[in-house]
Amino acid sequence: MIVVYHILLFWFINNGASANIILHKSICIPLHIGVILYVLISGYFGIHFSLKGVIKIISNLFVYGLLFALVAHFCFGDKFGPTKLFFVSASPFWFINIYLMLYCISPILNKIIKGLSKSNRLVLMLILFWISCYVGLLGFDDSLQYGKNLIHFVLLYLIGNTLAVCKHKINSIPLIYILLTYILINFISISLYVLMVGKSYEYLAYDMAFSYNSPLLIANAICVFVPFMRFKFHNKIINTLASSCLAIYLIHSANLFMQHPIKHAAMFIQSYTDSILSQLCFVLLLGLVVCIVAILLDNLLKPIWRKMTHLYNCLSRTKVGKIACDWCNLG
């Protein structure tokens, strides 16, 4: 969903020659829940902080952020500024930057959530909702806009955890009700935007349907997530594919791919056909190809990831490893 949404956003809406921008934006709205789903999943199962996990994230950022930027610079002439060297703190991948923050504070977050009563859980959720989905969404605080911040990720993490706590009650809801709710939410979101096109409130309507801190978008993601709470996945293929989810995000978002092969493929699709249905089918196919290529590349780089595991083994025996272990055990 994230890959397809990015292709549509960057190469059909922002920089494409599409004459159907309103329709493409409408298609993007229900697709824009991938980030929310990722954090909901993290909250549902709980992040288990470890030094190994931190090293894995940082090594992914190093390879897919810094090294890919160098390849793009020397092969395609892309700009390479000094800030690229700060591939963690100044990461070009906004999502992983915020997620790393969430990952690092997860032990204390888990401890707080675990000790909450039902009423306190509700109060905390309402406070976070007010900060992110009211103050942030309506633009009263620029630092909270669009939900691309730690406060919103904590809210999503808490919602995911609450879904796990209330699993049995939620699973008793008939799936048809969840499906109808999903359809209704998307109908309202898309209609809200389409009806406001060309009017003074167009951008506000689009934000209400599209921003990560939109209540409509959060509800949309929950409706997609809830049915999967009824299943347990023990399939090796699914688990192997899932282990490359982060790599898919980092690889396809890197300029080396997004600004070159993906861009040319998207432009070819637009020049090849004017039919919206055909374009969407080709974009879905392109998204699938990108995911497969990213998974293969991630597996080809396993020797590097094994070296990082060796680094973790070395660090785990040091004072740093002991501190990280103590922090992990906090939650």
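Procedures and definitions
- Along every chain, residues carry numbers that run from 1 in the direction the sequence is written.
- Residues qualify for local features only when their pLDDT is at least 70, as the model is predicted, and side-chain atom pairs are given and counted only at 80 or more; totals for whole chains, interfaces and linings, by contrast, use all residues.
- Here the side-chain values reflect all heavy atoms present in the structure, with hydrogen atoms and water set aside.
- Interaxial angles span 0 to 180 degrees and are taken between N-to-C directions of axes, which are lines fitted to C-alpha atoms, for helices over the stretch in contact.
- Counting from the N terminus, the helices are the DSSP runs of H or I reaching at least four residues and the strands are the DSSP runs of E reaching at least two.
- Here the angle decides the label: under 35 degrees means roughly parallel, over 145 means roughly antiparallel, 65 to 115 means roughly perpendicular, and every other value means oblique.
- Take the far helix as the reference: if the near one is turned anticlockwise from it by less than a right angle, the crossing is left-handed, and if turned clockwise, right-handed.
- Contacts are residue-level and defined by heavy atoms, with any inter-residue pair within 4.5 Å sufficient.
- Buried and open spaces are told apart on a 1 Å grid over the protein atoms alone, a cavity being a set of points where a 1.4 Å probe fits but cannot get out and a pocket being an open set with protein on both sides within 12 Å along at least five of seven lines. Residues with an atom within 4 Å of a point are the lining residues.
- Grid points are joined across faces, edges and corners, and a volume is the space filled by probe spheres set on the points.
- Throughout this entry, Asp, Glu, Lys and Arg are counted as charged residues, while Ala, Val, Leu, Ile, Met, Phe, Trp, Tyr, Cys and Pro are counted as nonpolar. The remaining residues, Gly among them, count as polar.
- Two rings belonging to Phe, Tyr or Trp (six-membered ring only in the last case) form a pair when the distance between their centres is within 6.5 Å. Interplanar angles under 30 degrees mark stacking, angles over 60 mark edge-to-face geometry, and anything in between is tilted.
- When accessible area is computed with a 1.4 Å probe and restricted to protein chains, residues below 20% of their type maximum are described as buried, those above 50% as exposed, and intermediate ones as partly exposed.
- For patch building, the residue pool is restricted to those with more than 30% relative accessible area and no salt bridge; the joining distance is 9 Å between like charges and 5 Å between nonpolar side chains (Val, Leu, Ile, Met, Phe, Trp, Tyr).
- Note on areas: Shrake-Rupley with a 1.4 Å probe; residue coverage comes only from the protein chains shown.
- We count a salt bridge whenever a side-chain nitrogen from Lys or Arg sits within 4 Å of a carboxyl oxygen from Asp or Glu.
- Buried residues of nine kinds, namely Ala, Val, Leu, Ile, Met, Phe, Trp, Tyr and Cys, make up a nonpolar core once their side-chain atoms join them within 4.5 Å.
- This count recognises Lys and Arg as positive and Asp and Glu as negative, with His and chain-terminal groups excluded.
- Polar contact is defined as a pair of N or O atoms within 3.5 Å, subject to the rule that within protein one atom must be able to donate a hydrogen and the other to accept it, and that residues adjacent in sequence are counted only when both atoms are side-chain atoms.

Concerning the packing of helix H4 (residues 51-76) against helix H5 (residues 94-114)
The angle between the axes and the distance between the axes are what describe a pair of packed helices.
And step 1. Where H4 meets H5, the closest approach of the two axes is 11 Å, and the angle between their N-to-C directions is 170 degrees. The angle between the axes of H4 and H5 places the two elements in the roughly antiparallel class. The way H4 lies across H5 gives a crossing that is left-handed. Counting all contacts with H4, which are made through Gly-53, Val-54, Ile-57 and Leu-61, the residues of H5 involved are Ile-96, Leu-100 and Tyr-103.

Description of the layout of surface pockets
And step 1. Roughly 570 Å³ of volume is contained in the second largest pocket.
And step 2. Lining of the second largest pocket is provided by 31 residues; of these, His-6, Phe-10, Pro-92, Trp-94 and Lys-148 occupy positions nearest its centre.
And step 3. Of the residues that constitute the lining of the second largest pocket, the class distribution is 19 nonpolar, seven polar and five charged.

Details of the packing of aromatic side chains
And step 1. In the structure shown here, the tally under the stated rule is 22 aromatic pairs.
And step 2. Taking the centre distance of 6.1 Å and the plane angle of 70 degrees together, the rings of Trp-94 and Phe-153 count as edge-to-face. Within this pair, whereas Trp-94 is found in helix H5, its partner Phe-153 is found in helix H7 (residues 150-165), the two being separated by 59 residues in sequence.
And step 3. Among the residues examined, Phe-153 registers a relative accessible area of 1% and is labelled buried.
And step 4. The structure contains a cluster of three or more aromatic residues connected by ring pairs, namely Tyr-38, Phe-93, Trp-94, Phe-95, Tyr-99, Phe-153, Tyr-212 and Tyr-249.

Some remarks on the side chain of Ser-189
And step 1. As for its position among the elements, Ser-189 is in helix H9 (residues 175-196).
And step 2. Those residues in contact with Ser-189 that sit more than four places away from it in its chain are Ile-29, Ala-209 and Leu-216.

Points about a nonpolar patch on the surface
And step 1. Among the surface-exposed residues, Phe-268, Tyr-272, Phe-282, Leu-285, Leu-288, Val-289, Ile-292, Val-293 and Leu-296 lie close enough to one another that they form a single nonpolar patch of about 880 Å² accessible area.
And step 2. Taken together, the elements giving at least two residues each to the nonpolar patch come down to helix H15 (261-272) and helix H16 (276-300).
And step 3. Sort the elements by how many residues they give to the nonpolar patch and H16 lands first, with seven residues.
And step 4. Position of Tyr-272 among the secondary structure elements: in helix H15.

Let's talk about the pattern of salt bridges
And step 1. Tallying each qualifying case throughout the model produces one salt bridge.
And step 2. We note a salt bridge from Asp-326 to Lys-322, for which the minimum N-O separation is 3.3 Å. With Asp-326 and Lys-322 both in helix H18 (residues 319-330) and four residues apart, the pair spans about one turn of that helix.
And step 3. Using a relative accessible area of 44% as the deciding quantity, one classes Asp-326 as partly exposed.
And step 4. Judged by its relative accessible area of 46%, Lys-322 falls in the partly exposed class.

Digging into the environment of Ile-185
And step 1. Inspection of the secondary structure assignment puts Ile-185 in helix H9.
And step 2. Accessibility expressed as a relative area gives 9% for Ile-185, which makes it buried.
And step 3. On a C-alpha basis, the gap between Ile-185 and Pro-215 in space is 9.9 Å, while along the polypeptide they are 30 residues apart.
And step 4. Sequence-distant contacts of Ile-185, that is, excluding residues within four places in its chain, are made with Leu-216, Ala-219, Asn-220 and Cys-223.

Section: empty space enclosed by the protein
And step 1. Taken as a whole and assessed by the stated rule, the structure comprises one cavity of 30 Å³ or more.
And step 2. Here the largest cavity is characterised by a volume of approximately 30 Å³.
And step 3. Of the residues contributing to the lining of the largest cavity, the split by class is two nonpolar, four polar and one charged.

Looking at the environment of Ile-55
And step 1. Mapped onto the fold, Ile-55 is located in helix H4.
And step 2. For Ile-55, a relative accessible area of 10% corresponds to the buried category.
And step 3. Along the backbone, Ile-55 and Trp-305 are 250 residues apart, and their C-alpha atoms lie at a distance of 9.5 Å.

A closer look at the nonpolar core
Generally speaking, nonpolar side chains in soluble globular proteins are found buried as a group.
And step 1. Counting residues in hydrophobic clusters, the biggest one holds 87 residues, and the most contacted among them are Tyr-64 and Leu-102.
And step 2. Leu-102 has contacts with Val-39, Ile-47, Leu-109, Leu-150, Phe-153, Val-154 and Tyr-157, leaving out every residue within four places of it along the chain.

Remarks on the side chain of Asp-78
And step 1. In this fold, Asp-78 is placed in the loop between H4 and H5.
And step 2. Although Asp-78 lies buried, it forms no salt bridge, and the closest oppositely charged side chain, Lys-84, sits 7.6 Å away as judged by the N-O distance.
And step 3. Separated by 3.1 Å, the side chains of Asp-78 and His-260 make a polar contact.

Some words on the environment of Ser-26
And step 1. Tracing the chain through its elements places Ser-26 in helix H2 (residues 21-31).
And step 2. Placed 167 residues apart in sequence, Ser-26 and Tyr-193 show a C-alpha to C-alpha distance of 7.8 Å.
And step 3. In contact with Ser-26, other than residues within four places in its own chain, are Ile-190, Tyr-193 and Val-194.

Taken by themselves, the reported measurements are silent on function.
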